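Topology and contacts: notes
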Amino acid sequence: MSAAFDVAIVGAGPAGSSAALHLARGGARVVLIEKQRLPRPKVCGGGLVARARKHLPAGIELPIERVCRTVEIRHGDLRFAVTESEPVVELAMRADLDARLAEAAARASADLRDGCEVTGIDRRDDAVVLATSRGEVRARHVIAADGVHSPLARLAGWNDALQAIPAIEAEVHVAPDTLGDRAENAVFDFGDAPSGYAWTFPKRAHLSAGVLSTERGRGGLRAELDRYLARLGLDHHACDARGWLIPTRPRAGGFTRGGVMLVGDAAGLADPVTAEGISLALWSGRLAAESMLANTGDASRAYERALAREILPELRVARALAHVLYRRPRITRALFERAGQPLARAMAEVVAGRTSYRALVRSPSNWLRLALAQPSRAAAAT
Ligand SMILES: Cc1cc2nc3c(=O)[nH]c(=O)nc-3n(C[C@H](O)[C@H](O)[C@H](O)COP(=O)(O)OP(=O)(O)OC[C@H]3O[C@@H](n4cnc5c(N)ncnc54)[C@H](O)[C@@H]3O)c2cc1C
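Reading guide: rules and limits
Residues numbered from 1 in each chain as written. Predicted model: local features only at pLDDT ≥ 70, side-chain atom pairs only at ≥ 80, totals over all residues. Heavy atoms only, no water. Helix = DSSP H or I, 4+ residues; strand = E, 2+ residues; numbered from the N terminus. Buried < 20%, exposed > 50% of the residue type's maximum accessible area, 1.4 Å probe, protein only. Contact = heavy atoms within 4.5 Å. Near = heavy atom within 4 Å. Polar contact = N/O pair within 3.5 Å; in protein donor to acceptor, adjacent residues only side chain to side chain. Areas by Shrake-Rupley, 256 points an atom, 1.4 Å probe, with all protein chains shown as cover. Nonpolar A, V, L, I, M, F, W, Y, C, P; charged D, E, K, R; others polar. Domains from an automatic or database assignment. Pairing = 2+ DSSP bridges. Expected span 1.5 Å × (residues − 1). Buried area = accessible area lost by both parts, 1.4 Å probe. Salt bridge = Lys/Arg side-chain N within 4 Å of Asp/Glu carboxyl O. Core = buried A, V, L, I, M, F, W, Y, C linked by side-chain atoms within 4.5 Å. Bend = angle between axes of the 7 residues up to and from the residue. Axes fitted to C-alpha atoms, helices over the stretch in contact; angles between N-to-C directions. Parallel < 35°, antiparallel > 145°, perpendicular 65-115°, else oblique. Left-handed = near helix turned anticlockwise from the far one by under 90°.

**Details of the overall build of the protein chain**
If you tally the helices and strands in the protein chain, you get nine helices and 18 strands. Seen along its three principal axes, the alpha-carbon backbone of the protein chain occupies a region of about 70 × 50 × 40 Å. In the protein chain, which comprises 382 residues, the proportion classed as buried is 57%. Restricting the contact set of the protein chain to residue pairs at least 6 apart, pairs at least 24 apart contribute 71%.

Written as structure tokens, this is what we have:
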């Protein structure tokens, strides 16, 4: 029996919906399977960095609640702000963002099945057969976009555990006019989380506040978040805090096997410096889709090559930078004292997609700027 679909995509987060959108628009027969009913909640700050948009087809309207053209990096009394004419970070509620992307894929003709959990995988003849809570699905290829725990990767034979860091986020219900200088800007507070950072992102009716640590297995983030909220005077407001993991190291066991491709968090593709994963989810979803649409005969190899060309070298450099930035709080502080403003500017350029981590570290003028930078107590906005 021939496969009913060209591609079955498991998980309707940004990675799965990105792949579904590109494939459906390219004429493939696609089914997008999501275990929860959409819109579904997702633990996330909802910060969509500017480079993310590059990986979406044109004409998709996103449910953006607030646009930040200024991002600030703070470390105690040090403040470094970068202002751009274009948005640097856009803020959305993940439930709305993900539902919108999945709807766009469905409008482009993907068969969207939410409330449908994938529980098994098998190969029969020339097809991959998925067992789901609503019956079998047959497809020529499968994309696993089912998040950091990726049950499908385990079912398909990946035994390597993903390396992931902990993060906790709260949606704090607070009136916008009480937020002061946090009402407009995305703020990253490096002094409030040893070996990581804390953040506040303004949304329409509240603030997303969170803490992450780059130390795997680190506990006590709830207490750090409480201290952070207390410092900001936000501890008396109603909030709903939840923790989850962010995979900041790509899978060691490869990204394809037996007709299955891993994308987004399932592949371990989050940025080790910023810990943002939405743009990489959209990016890897697009690359997987394009590898299939190119019809070169071996889509899996094409996808592995695309990752090796575009994403993995970036993440390698980012991992080295994260090691320097987060390893010791005193080094982090010294880095900001010496070069906070150029660092903030460089980060804004990377997340805007105007430069890459690789280009940053290759540029001799950047090293010169770092070497010649004067220690500062604070820097003006640029
Ligand atoms: C506290 C916190 C804050 C964060 N803040 C940001 C931020 O501000 N900006 C940013 O860019 N990134 C942020 N991230 C990271 C970001 O949330 C992830 O990198 C991103 O969601 C990855 O997208 P994805 O599509 O790969 O996976 P997910 O968004 O996790 O989607 C996976 C989907 O698969 C579904 N699924 C799972 N198992 C099955 C199954 N068996 N059958 C069917 N469906 C299944 C799930 O229900 C889910 O909908 C944050 C993470 C955390 C933990």
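Having seen the structure, we can now continue with the description.
**As for the site of the ligand**
The ligand sits among 36 residues. The nearest are Glu-34, Arg-40, Gly-47, Asp-265 and Ile-278. Interatomic distance of 2.9 Å between a backbone N/O atom of Ala-15 and an oxygen atom of the ligand. Contact between the ligand and Gly-47: a nitrogen atom at 2.8 Å from a main-chain N or O atom of the residue. In the complex, 95% of the free accessible area of the ligand, which totals 1000 Å², lies under the protein chains. Taken together, the elements giving at least two residues each to the shell around the ligand come down to α1 (14-25), β12 (164-173), β14 (196-202), β16 (239-247) and α5 (278-293). Split by residue class, the shell around the ligand holds 17 nonpolar, nine polar and 10 charged. Each of two domains, domain 1 (5-66 + 88-162 + 248-318) and domain 2 (164-245), supplies a minimum of three residues to the shell around the ligand.

**Describing the pairing of strand β11 (residues 135-144)**
Within β11, seven of the 10 residues are buried, which leaves it mostly tucked inside the rest of the structure. Two strands pair when backbone bridges link them, and strand β1 (residues 5-10) and β11 are joined in this way by five bridges, in the parallel orientation. Of the residues in β11, the one forming a bridge with Ile-9 is Ile-143. Here strand β10 (residues 127-132) runs beside β11; their pairing, made up of five bridges, is antiparallel. The residue of β11 that forms the bridge with Leu-130 is Val-137. Counting the residues between successive antiparallel strands, the hairpin from β10 to β11 contains two residues. Here β11 runs beside strand β18 (residues 260-262); their pairing, made up of three bridges, is parallel. Residue pairing in the sheet places Ile-143 in a bridge with Met-261 of β18.

**Notes on helix α2 (residues 94-107)**
Here α2 spans 20 Å end to end across 14 residues, near enough to the 20 Å set by a 1.5 Å rise per residue. Within the sequence span of α2, burial applies to Arg-94, Leu-97, Asp-98, Ala-99, Leu-101, Ala-102, Ala-104 and Ala-105. The first or second residue beyond α2 is Ser-109, which carries a positive phi of 100 degrees.

**Here's the deal with the domain arrangement of the protein chain**
Taken domain by domain, the protein chain comprises domain 1 (5-66 + 88-162 + 248-318), domain 2 (164-245) and domain 3 (325-372). Its C-alpha centre places domain 2 at a distance of 24 Å from the equivalent point of domain 3. At the interface, six residues of domain 2 touch five residues of domain 3. When domain 2 packs against domain 3, close to 420 Å² is buried across both sides, 81% of that on carbon and sulfur atoms. On the surface where domain 2 and domain 3 come into contact, there are zero salt bridges. Our count for the contact surface shared by domain 2 and domain 3 stands at zero residue pairs in polar contact (both at pLDDT 80 or more). Considered class by class, the residues forming the side of domain 2 that touches domain 3 number three nonpolar, three polar and no charged.

**Digging into unusual backbone geometry**
Omega for the peptide link from Leu-38 to Pro-39 comes to 0 degrees, which places this bond in the cis form. Its identity is not glycine, yet Ser-109 carries a phi of approximately 100 degrees, on the positive side. Mapped onto the secondary structure, Ser-109 falls in the loop between α2 and β8 (111-113). Residue Asp-125 is not a glycine yet carries a positive backbone phi of 50 degrees.

**Topic: the nonpolar core**
The biggest cluster of nonpolar side chains holds 69 residues, and the ones touching the most others in it are Ile-9, Leu-23, Leu-130, Ile-143 and Leu-269. Residues contacting Leu-130, with those up to four places away along its chain left out, are Ala-8, Val-10, Ile-33, Val-118, Gly-120, Ile-121, Gly-135, Glu-136, Val-137, Val-142 and Leu-152. Judged by nonpolar contacts, the second largest core, of 38 residues, contains Phe-80, Ile-246, Ala-322 and Met-347.

**A few points about helix α6 (residues 299-326)**
Here α6 spans 37 Å end to end across 28 residues, near enough to the 40 Å set by a 1.5 Å rise per residue. Bending of α6 peaks at approximately 45 degrees at the position of Ala-308.

**Structural notes on the packing of α1 against α2**
Look at α1 against α2: their axes get within 8 Å of each other, and the N-to-C directions meet at 20 degrees. Here α2 runs roughly parallel to α1, going by the angle between their axes. For the element pair α1 and α2, the recorded crossing hand is left-handed. Between α1 and α2, the contacting residues are Pro-14, Ser-17, Ala-20, Leu-21 and Ala-24 on the first element and Arg-94, Asp-98, Leu-101, Ala-102, Ala-104 and Ala-105 on the second. In terms of residue class, the contact of α1 with α2 is built from eight nonpolar, one polar and two charged.

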